[in-house]
Every structure is written in C-alpha cells, then in structure tokens.
Amino acid sequence: MEAKHRARSLTLRYVTLEDRIEWLSHCENNITVSAWVSRRLLIELLPQLFEWLGKNNEQQLPTKASGRTASEKTHIHRFDHEIAQRQVKAVAVKLPKASKTEQFLLRHMDFKATKTGVIIGLAAEKNSTLVAFSASLPETHKVIGELLRVSNDAGWEVPNPWYASSGQSSEAVLESIH
C-alpha cells in the first residue's frame, strides 16, 4: 500500500465544535496528519472491519475453525476483540511539536493483511492513501475499541458489531464449543 506518510503513533479525540473524531497520525519528519472521522463513516465502517478481521482471524486459526457455526465464529471473534482490549494498553507519550500538519476528511480506509498484522491506510478518496501505519491484530482491535469508546463518550451511540448479534458472553460460548 503506497502512502504519502507513514504513521509511528496515533491519537484519537472527539472535537465537539466539529462533531467529529480527530484521528491524529504522528508521522515521520515531525509531521502530524489529521483525519476527521464522521459518525456516518464510523457506522458504515465498523461492520466491514468486523467482517474483515473475522476472516483474517479464521485464516490464522487451526483447520478446526471450518467446522464451526457462524454463531460460534462470531463469539470467538468477540472473545478475540475483548482480549485485545485488555492486552494492548493505550500509552500517552509526549510527542515533539509537529513542524507541519495536514488535514483531510476521512472517506476511505484500506486494510492489508501482513505476516505480522495489518497495514491500515487512511484516505480522502479511494486509491489515494495519505497515511498508512502497521499494527498487529490485537493493536488493530485496540484502535477499533478506542474509536468506539471515543464515539460513545461523544454520545454517538455507534453499534458495536462484536455485540450486535447476541447477548451471550464469549466465555459461555467457548465452554460450549469445547
């Protein structure tokens, strides 16, 4: 995935005046790129991310996964998401003042699976990736979890696709699978 900038870290925050989430990508050469995330985009994007991550998780599971029902797979994906939220800690780091900043309205995200995780691309339009960063699968889940947390703190009431299909806990489903 060709990108104009490579991010080293990111910050997510809700900006009341804009009624958007600001996705700050801290890139090389002290450049900060600000991608504005709208509620509408987040609502459209999350089910796609849920499906994409589920498929990529299944490819890494043993062949036993192919015999599981859709409900069992959903609960396993939910369990993976919950574990990632606990394992990956958000770290507050004092960053140097950016020498240059860029802004754009996020309209498209690309995800590419790698041997070590995922490359996530942020774009204002298709086939025009402005910022890309690498993350492990748990880190990707953490970013999604933080997007959900920030959006819910803003009162957006964005549905969490990991909990949309059932009220049963992941632990109960995993016990029934074994």
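Residues numbered from 1 in each chain as written. Predicted model: local features only at pLDDT ≥ 70, side-chain atom pairs only at ≥ 80, totals over all residues. Heavy atoms only, no water.

## Here's the deal with the overall build of the chain
- Looking only at helices and strands, the chain has four helices and seven strands in total.
- Start at the N end of the chain and walk to the C end: the helices and strands fall as β-β-β-α-α-β-β-β-β-α-α.
- In the chain, which comprises 178 residues, the share counted as buried stands at 44%.
- Of the contacts made within the chain by residues no fewer than 6 positions apart, 57% connect residues no fewer than 24 positions apart.
- When the accessible area of the chain is evaluated, it comes to approximately 10300 Å², of which 49% is carbon and sulfur surface. (Helix = DSSP H or I, 4+ residues; strand = E, 2+ residues; numbered from the N terminus. Buried < 20%, exposed > 50% of the residue type's maximum accessible area, 1.4 Å probe, protein only. Contact = heavy atoms within 4.5 Å. Areas by Shrake-Rupley, 256 points an atom, 1.4 Å probe, with all protein chains shown as cover.)

## Considering empty space enclosed by the protein
- Summed over all chains, the structure comprises one cavity of 30 Å³ or more.
- Looking at the largest cavity, its volume works out to about 40 Å³.
- Along the walls of the largest cavity sit Trp-23, Leu-45, Leu-49, Met-109, Phe-111, Ile-120, Thr-140, Val-143, Ile-144 and Leu-147, which together make up its complete lining.
- Looking at the lining of the largest cavity, the elements with two or more residues in it are helix H1 (39–60), strand E5 (108–113) and helix H3 (137–153).
- Tallying contributions element by element places H3 first for the lining of the largest cavity, with four residues.
- Residues that form the lining of the largest cavity fall into these classes: nine nonpolar, one polar and no charged. (1 Å grid on protein atoms, 1.4 Å probe; cavity = no way out; pocket = protein on both sides within 12 Å on 5 of 7 lines; lining within 4 Å. Points joined across faces, edges and corners; volume = space filled by probe spheres on them. Nonpolar A, V, L, I, M, F, W, Y, C, P; charged D, E, K, R; others polar.)

## Points about the pairing of strand E1 (residues 5–15)
- Bridge analysis of E1 against strand E7 (residues 129–135) gives two bridges, and the strand direction is parallel. Counted as the bridge partner of His-5 is Val-131 from E7.
- The pairing of E1 with strand E2 (residues 20–27) spans eight bridges and is antiparallel. Pairing of Leu-10 across the sheet is with Ser-25, part of E2.
- Adjacent in sequence and paired antiparallel, E1 and E2 are bridged by four residues, among which Asp-19 carries a positive phi angle near 50°. (Pairing = 2+ DSSP bridges.)

## Details of the pattern of salt bridges
- For the structure shown, the criterion picks out six salt bridges.
- Between Glu-22 and Arg-13 there is a salt bridge whose closest N-O contact spans 2.6 Å.
- Judged by its relative accessible area of 42%, Arg-13 falls in the partly exposed class.
- For Asp-153, the salt bridge goes to Arg-149, with nearest N and O atoms at 3.0 Å. One end of the pair is Asp-153 and the other is Arg-149, both in helix H3 and four residues apart, which spans about a single turn.
- A relative accessible area of 59% places Asp-153 in the exposed class.
- Sharing partners across several salt bridges, the network here consists of Lys-142, Glu-146, Arg-149 and Asp-153. (Salt bridge = Lys/Arg side-chain N within 4 Å of Asp/Glu carboxyl O.)

## So, the nonpolar core
- Core analysis: the largest hydrophobic core is formed by 36 residues, its most contacted members being Trp-23 and Leu-122.
- Those elements that place two or more of their residues in this core are E1, E2, strand E3 (31–37), H1, E5, strand E6 (118–123), E7 and H3.
- Take this core: its biggest share by element is seven residues, from H1.
- When neighbours within four sequence positions are excluded, Trp-23 is seen to be in contact with Leu-10, Thr-11, Leu-12, Val-33, Ser-34, Ala-35, Val-37, Met-109, Leu-122, Phe-133, Val-143 and Leu-147. (Core = buried A, V, L, I, M, F, W, Y, C linked by side-chain atoms within 4.5 Å.)

## Notes on the environment of His-75
- Positionally, His-75 belongs in helix H2 (residues 70–87).
- As for His-75 and Tyr-163, which are separated by 88 residues in sequence, their C-alpha atoms are 8.9 Å apart.

## Observations regarding the pairing of E6
- The buried fraction of E6 is high, at six of six residues.
- As paired elements, E5 and E6 share six bridges and run antiparallel to each other. What sits directly across from Phe-111, in E6, is Ile-120.
- Between E5 and E6, which pair antiparallel one after the other, the connecting turn spans four residues, and Gly-117 there sits at a positive phi close to 160°.
- Where E6 meets E7, six bridges bridge the pair, whose relative direction is antiparallel. Pairing of Gly-121 across the sheet is with Ala-132, part of E7.

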